[in-house]
Amino acid sequence: MVEGRSCNPMRYDCFIIWGNGLIHIPEIVSIIRDSGKYNIIRIIKKDINNMSRFIKKVYACDTVPWKHLRSKSRYLLDSPKECVFILVENKNPREIYIGESKFCHIQCENINETKNTIRSLYNPKFKDPKKVILPLPPGVSHDHCIHASDYESQVEHLLRVFQIESLDFYRRNKEFAYYIPWHIQVSYRGISDIEVDLDLIYANINKSIQKLEDTPHYRYVSGHKKPYIDYFNKNFGTMLQEDHFPQAFDCLIASFDENYRRDDGKKSLPIINSNNVILDGVHRCAILKWRGKKKIKCLQI
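Residues numbered from 1 in each chain as written. Predicted model: local features only at pLDDT ≥ 70, side-chain atom pairs only at ≥ 80, totals over all residues. Heavy atoms only, no water.

Counted according to the given criterion, the structure contains 14 aromatic pairs. Consider the rings of F15 and Y38, whose centres lie 5.7 Å apart with planes at 85°: the pair is edge-to-face. With F15 in strand β2 (residues 11-17) and Y38 in strand β3 (residues 38-47), this pair connects stretches of sequence that are 23 residues apart. Of the two residues, F15 and Y38, both sit in the buried class. With a centroid separation of 6.1 Å and 50° between ring planes, the pair formed by Y228 and Y231 is classed as tilted. Residue Y228 and its partner Y231 are located together in helix α8 (residues 226-235), separated by three residues, close to a single helical turn. With respect to burial, Y228 and Y231 carry one shared label: buried. (Phe/Tyr/Trp six-rings, centres within 6.5 Å; stacked < 30°, edge-to-face > 60°. Helix = DSSP H or I, 4+ residues; strand = E, 2+ residues; numbered from the N terminus. Buried < 20%, exposed > 50% of the residue type's maximum accessible area, 1.4 Å probe, protein only.)

Another point: the pattern of salt bridges. What the rule picks out here adds up to 19 salt bridges. Between E113 and R94 there is a salt bridge whose closest N-O contact spans 2.7 Å. Taken together, the positions of E113 in helix α4 (residues 109-122) and R94 in strand β5 (residues 94-98) put the pair 19 residues apart, joining distant regions of the chain. Take E113: its relative accessible area is 35%, and that puts it in the partly exposed class. The exposure class assigned to R94 is partly exposed, which follows from its relative accessible area of 30%. Between E258 and K293 there is a salt bridge whose closest N-O contact spans 3.1 Å. Here E258, found in the loop between α9 (246-255) and β11 (271-272), pairs with K293, found in the loop between α10 (282-290) and β13 (295-300); they are 35 residues apart in sequence, far enough to count as distant. The class for E258 is partly exposed, based on a relative accessible area of 32%. Classification of K293 by relative accessible area gives partly exposed; the value is 35%. (Salt bridge = Lys/Arg side-chain N within 4 Å of Asp/Glu carboxyl O.)

Put into structure tokens, the structure is as follows:
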């Protein structure tokens, strides 16, 4: 076996939660989020028409021979025909080279630790609680509930499989001093840092323009949580493709700092358009409104 280490800056990685793990989505996303190793960029829910064909596409660029993967993934044919794709920034990847000759490839210890933690908890169990297949603990089968990337070219491949934009799309806003999320297109000449009265800011909720105090986000902060939970459950993975789980919202409420800076040093401000409708940051604006804040700093485009 060949093994060595490589120090690389931030890279993109991804996870796929298979059908046998869907009932544990909130817990799995919480493990990824709470590890502190990643920024969750995008979450997409996908229905699968032909599971056999889809599995083969997913593993098409894997270094392990397809014959071996086909037998290992057969259990997925009996799982729900749906999966969830999670794109992340791997903030400090710990890469190692592993394998023999032509099968030597990069793995990331962050990713391995995370997926093995999730598999240990949520993979289906053996009938015999003493049966062991390493590296998982006794009683845990290898009918894996989650798949993860080993290196960035695999991520590019999986983005094509899921028919979404390439990594260049997610990198296109890296030049800005402020953090701009993936779904917003800006230019230097079309952006300004301004202070706005919170009473003059609106949110677009299910294509309805609402005052902040009428949003499910504000009601959640004020203690009436059900409307937001219903809104999230209805739109998760489709219209809502970021980490807006109620658990993440609870964490934001508990630790919110309007002067927060990301690990890369960028400041993250709510973003509004020329009509003062929020493009990104409804959760943050709702928190500040509930706290009695009168004005807020925003990026306007």
